[in-house]
Amino acid sequence: MNIDVAVVGVGVAGAFALRSLSKKLNVVGIDKRQKPGYPVECGEIIPTKEEMKELLPDLEDYSLFDIPKRFESNKTKAFAFVLPNGKTYTVDFEMHVLQRDKFIQTVAAESGHKLMLNSRVSDFRDSTVKLANGEEMTAKVVVASDGANSKIAKRLGVWNYELASAKQYVMKDVECDEDTVYMYVGNRIAPGGYAWIIPKGDGIANVGVGLRQKFAKAVGINIHQALDTFVKEFPYSSCFLKKSEIIGKIGAVVPVSLPIEKTIYGNVIFTGDSASMILSHVGAGIPTSMIAGDIAGRVISGYLEGKNGLEEYEELWRNALFRVMERSYFIKSMWDRISDNDKRLVRYFALIGNRDMSMILRSRVPLKLKMAVPLIPLLNLML
Ligand SMILES: Cc1cc2nc3c(=O)[nH]c(=O)nc-3n(C[C@H](O)[C@H](O)[C@H](O)COP(=O)(O)OP(=O)(O)OC[C@H]3O[C@@H](n4cnc5c(N)ncnc54)[C@H](O)[C@@H]3O)c2cc1C
């Protein structure tokens, strides 16, 4: 079958690419899942439109972030960032807690383009997408929106980013403040990453840990032990979960590197996790995938109508997102250098105030952090 555009992977990036691809084109969205976005492998939070203006000041249009109420399970007002000794920074920060599966499914369906679900892409070569059932599709443009384990990135030899592992429960009867998203750090629960409680409303919450293998190996724990400790033992999280019951479980990965160097290879465009388009210090990829997917769809439509080149995509998404991704990566890299020892980490945080934390959560780098970089080897010895 010959088509104009194959969108491989109908997650966040794929759904938003479908949404902005011209209705005049012959487009197929392909996903291995029966229901796109389900099961939900995500904490499901995205900043509100007002927060997005702070977070991504380079964006020209914020209308993507007019999130309809029907996709929201909760709206939170604050982040609580909790250190290993329980010291907590509470920062005002408004977030939508999405019904992410419904959000993806609706955006994809309302695009009006054809969807082939329950269809795994098993191979890709020379513009031809091969499905596990043997069917083949040759497309003028291929959107690789197939996530962190991208088959297409592997096929083209560009799958070179670090992945963090995550495990998450959906729990009921959670007794935390439902206006607050909780982030916890420490080597007992989330070496190289963080753990979270994200209230979805009505006592239900996403409760998870994200960690990185090399850091977990150094302290001798795996992800199952980490989540178990977080839920049952860690005093500042288990206090909310005493009466809770697990009603869902997932395991997943998220990229934590800077984006791949080039995101266009011939007629293949990478978008979302497949290109590691992430705010790596917090593992946030929903907003970046929405934006990049949307840009991909618009650029491809223009390209196939003879109005612009495909290379415009690289420029547009980088203008919108790259600076904030770089800052986020800088914070993550600093974190990696100071977080291997909980006691020392707590001492470092004596230097960090609430205002600094508010900046860090918004991917801004406080001046004192920039100035501290050359001193880290010395501070690590002293603190
Ligand atoms: C546990 C966890 C919690 C997270 N929490 C948050 C959060 O709260 N907020 C936030 O902003 N980010 C969060 N993230 C990151 C965020 O979920 C991702 O960055 C974002 O979903 C990336 O979107 P995507 O469309 O690129 O990839 P995905 O949403 O992963 O979509 C990829 C799609 O491709 C399909 N696919 C894959 N391979 C094939 C194939 N061979 N054939 C056909 N289809 C295929 C998959 O079925 C999937 O539908 C979290 C990540 C994890 C793992």
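Right above here is the structure, for reference.
Here is a short report on the structure shown in this document. Position numbers for residues count from 1 along each chain, tracking the sequence in the order it is written. In keeping with the model being predicted, local features are shown solely for residues with a pLDDT of at least 70 and side-chain atom pairs are shown and tallied solely at 80 or more, while totals for entire chains, interfaces and linings include all residues. Water and hydrogen atoms were dropped before computing side-chain values, which therefore reflect all heavy atoms in the structure.

Looking now at a positive patch on the surface. Patches draw on residues past 30% relative accessible area with no salt bridge. Two like charges within 9 Å are joined, as are two nonpolar side chains (Val, Leu, Ile, Met, Phe, Trp, Tyr) within 5 Å. Surface accessibility in these figures is a Shrake-Rupley result with a 1.4 Å probe; residues are shielded only by whichever protein chains are displayed. A carboxyl oxygen of Asp or Glu within 4 Å of a side-chain nitrogen of Lys or Arg is what we treat as a salt bridge. His is not counted, nor are the chain ends; Lys and Arg add positive charge and Asp and Glu add negative charge. Lysine's charge is taken at NZ, arginine's at CZ, aspartate's at CG and glutamate's at CD. Together, Lys-32, Arg-120, Lys-151 and Lys-154 make up a positively charged patch on the protein surface. Secondary structure counts use DSSP, requiring at least four H or I residues in a row for a helix and at least two E residues in a row for a strand, with both numbered from the N terminus. Mapped onto the elements, Lys-32 comes out in the loop between strand 2 (27–30) and strand 3 (45–47). Think of it in three bands: with a 1.4 Å probe and only protein chains considered, a residue is buried below 20% of the maximum accessible area for its type, exposed above 50%, and partly exposed in between. The exposure class assigned to Lys-32 is partly exposed, which follows from its relative accessible area of 48%.

Taken together, 34 residues are adjacent to the ligand, and Ala-13, Asp-31, Gly-43, Arg-100 and Asp-273 come closest. One nitrogen or oxygen atom from the main chain of Ala-13 is found 2.8 Å from an oxygen atom belonging to the ligand. N or O atoms within 3.5 Å of each other form a polar contact, as long as, within protein, one can give a hydrogen and the other can take it, and as long as residues adjacent in sequence are counted only when both atoms are side-chain atoms. Within the backbone of Glu-44, one N or O atom sits 3.0 Å away from an oxygen atom of the ligand. For the ligand, whose unbound accessible area comes to 1000 Å², protein coverage reaches 91%. Residue proximity to a molecule or strand is established when one non-hydrogen atom of the residue lies within 4 Å of it.

Another point: the nonpolar core. Within the largest apolar cluster, 104 residues are counted, with the highest numbers of intra-cluster contacts made by Ile-30, Val-129, Phe-270, Met-290, Ile-291, Tyr-313 and Phe-349. Among the elements that make up this core, the one with the highest residue count is helix 9 (residues 312–338) (ten residues). Buried Ala, Val, Leu, Ile, Met, Phe, Trp, Tyr and Cys residues form a nonpolar core when they are joined through side-chain atoms within 4.5 Å. Of all hydrophobic cores here, the second largest spans 25 residues; its members include Met-171, Tyr-182, Ile-189 and Leu-241.

What follows deals with the environment of Glu-136. Here Glu-136 shows up in strand 9 (residues 136–144). Once the C-alpha coordinates of Glu-136 and Asp-123 are considered, the two residues, 13 residues apart in sequence, prove to be 9.5 Å apart. Any pair of residues with heavy atoms lying within 4.5 Å of one another is described as a contacting pair. Once you skip the residues sitting within four places of it in the chain, Glu-136 turns out to touch Met-1, Thr-128, Val-129 and Lys-130.

Any link to function would need more than the numbers given here.
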